[in-house]
Amino acid sequence: MNIPDYLLQTLKSSLLILGGGLLPLLAAAFVMQIIANILRKQLRTRLGDGYVYLTAPGVMLHELGHAFFCLVFRHKIIEMQLFAPDDNGTLGYVQHAYNPNSLYQRIGNFFIGTGPVWGGLAALILLSHLLLPSAMLEGNGAMEQTQHFFSGLLSSAFWKSWQSWLWIYLSLTIVSHITLSPPDLKGASDGFCAIVLTVLLANLLFGWCGNWAEHVWHYELALLSRCSTLMITILILNAVCILPGMALAVILPRAAR
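Residues numbered from 1 in each chain as written. Predicted model: local features only at pLDDT ≥ 70, side-chain atom pairs only at ≥ 80, totals over all residues. Heavy atoms only, no water.

Q: Before we go on, may I ask you to explain the overall build of the protein in this structure?
A: If you tally the helices and strands in the protein, you get twelve helices and two strands. Taken over 257 residues, the protein has a buried fraction of 41%. Here the analysis covers contacts within the protein between residues at least 6 apart in sequence; of these, 75% occur between residues at least 24 apart. Of the roughly 14400 Å² that the protein leaves accessible, carbon and sulfur atoms contribute 68%. (Helix = DSSP H or I, 4+ residues; strand = E, 2+ residues; numbered from the N terminus. Buried < 20%, exposed > 50% of the residue type's maximum accessible area, 1.4 Å probe, protein only. Contact = heavy atoms within 4.5 Å. Areas by Shrake-Rupley, 256 points an atom, 1.4 Å probe, with all protein chains shown as cover.)

Q: Can you walk me through the packing of helix α4 (residues 56-72) against helix α5 (residues 103-113) in this structure?
A: Angle between the axes and distance between the axes are the two parameters that describe a pair of packed helices. Look at α4 against α5: their axes get within 8 Å of each other, and the N-to-C directions meet at 165°. By the angle between their axes, α4 is roughly antiparallel relative to α5. Note that α4 runs across α5; the crossing there is right-handed. For the pair α4 and α5, contact is made by H66, F69, C70 and V72 and by Y104, F111, I112 and G113, respectively. Along the lines of polarity and charge, the residues of the contact of α4 with α5 split into six nonpolar, two polar and no charged. (Axes fitted to C-alpha atoms, helices over the stretch in contact; angles between N-to-C directions. Parallel < 35°, antiparallel > 145°, perpendicular 65-115°, else oblique. Left-handed = near helix turned anticlockwise from the far one by under 90°. Nonpolar A, V, L, I, M, F, W, Y, C, P; charged D, E, K, R; others polar.)

Q: Help me out: how do you make sense of helix α6 (residues 115-131) in this one?
A: Count 3.6 residues to each turn of an α-helix, and residues three or four apart come out pointing the same way. Helix length check: α6 (17 residues) gives 24 Å between terminal C-alpha atoms against 24 Å at 1.5 Å per residue, within 8%. Those residues of α6 lying buried are G115, P116, V117, G119, G120, L121, A123, L124, L127, S128 and L131. (Expected span 1.5 Å × (residues − 1).)

Q: Just checking my understanding: could you explain helix α9 (residues 162-175) for this structure?
A: Taking 1.5 Å of rise per residue, the 14 residues of α9 would be expected to cover 20 Å, and the 20 Å separating its terminal C-alpha atoms lies within 8% of that figure. Within the span of α9, buried status applies to S164, W167, I168, L170, S171, L172, T173, I174 and V175.

Q: So what exactly am I meant to see when it comes to the nonpolar core here?
A: Within soluble globular proteins, side chains that are nonpolar tend to cluster in buried spots. In this structure, V117, L132, F158 and W167 are the most contacted members of the largest nonpolar core, which totals 24 residues. Contributing elements (two or more residues each) for this core: α2 (23-47), α6, α7 (142-153) and α9. The contact partners of L132, leaving out residues within four places of it in the chain, are L127, L137, F149, F158 and W167. Judged by nonpolar contacts, the second largest core, of twelve residues, contains A67, C70, V94 and A188. (Core = buried A, V, L, I, M, F, W, Y, C linked by side-chain atoms within 4.5 Å.)

Q: Honestly, the packing of aromatic side chains in this entry has me stumped. Any pointers?
A: In this description, a pair of aromatic rings is defined by centroid distance and the angle of the planes. Considering all chains together, one arrives at nine aromatic pairs under this definition. When the centroid spacing of 6.3 Å and the interplanar angle of 80° are considered together, the rings of F158 and W167 count as edge-to-face. For the pair F158 and W167, a shared accessibility class is recorded, and that class is buried. A connected cluster of aromatic rings, assembled from ring pairs, spans F68, F69, F73, Y104, F110 and F111. (Phe/Tyr/Trp six-rings, centres within 6.5 Å; stacked < 30°, edge-to-face > 60°.)

Q: For this particular structure, what's the right way to read the side chain of S171?
A: Within the secondary structure layout, S171 lies in helix α9. The exposure class of S171 is buried, given its relative accessible area of 0%. Among the polar contacts listed, one links the side chain of S171 to the backbone oxygen of W167, at a separation of 2.7 Å. (Polar contact = N/O pair within 3.5 Å; in protein donor to acceptor, adjacent residues only side chain to side chain.)

Q: Even after reading the chapter, I still don't get unusual backbone geometry, so can you show me in this structure?
A: Most of the time, phi is negative for any residue but glycine, and the peptide bond is trans. You will see that R74, though not glycine, has its phi angle at about 60°, which is positive. For R74, the position within the fold is in the loop between α4 and β1 (76-81).

Q: Can you walk me through the confidence of the model for the protein in this structure?
A: Detail in the predicted coordinates should be disregarded across regions flagged by low pLDDT. Averaged over all residues, the pLDDT of the protein is 75; the fraction at 70 or higher stands at 68%. Confidence, read as mean pLDDT per element, is least for helix α11 (residues 212-240) in the protein (56) and greatest for β1 (94). (pLDDT = per-residue confidence, 0-100.)

This is the structure in structure tokens:
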């Protein structure tokens, strides 16, 4: 194989791996960002700035998502405030430092920046298993699980249970803050570039080993197939959390400015 063909194959293999692994997750995160923005707008319109205090658990989880990946990728946490709203709109923050010459720590910027998404997902899954009836989470496939979830949601027993109301409140606080600020996105973009560079270098160095990238891609597809039901359920959970916000929009008057 000549050099131009080898470089072209390297590019194709890299796109294959990135497309199979990161793009579906980023697409799901993008949808959740939109849902979070809609929900926060609804809550702010009806409750004013007081909504921030009602959703404080979500703010804290947001910052813990950043902090967790700081520890995983060996970033030094300089200062952390889980909940400290100020007049500038800052609700909390995690200040961290890292070695820019470390590829591992540079890659970590992606996961640190997007940490609130993964932390929010994990919390929603945990809360659903702890507070919702097990029948709502059963099913062998995405369609069956969706059917079970909505059947449980529309049942009278769901609305009579205090666990269900606690789940609604906590889910509201979490979903309303599964959103990334400009600094989060800036840090994540730096980490994303490091991931892309790593994949390109790996394909460049090991491309001669055969179609290993296709094996990685098939593994990614198999993993995503197993997780598809979970991802769809999570997106449904996010969408369902808009409903209480819509109910508040009907019941409550607009907050005074």
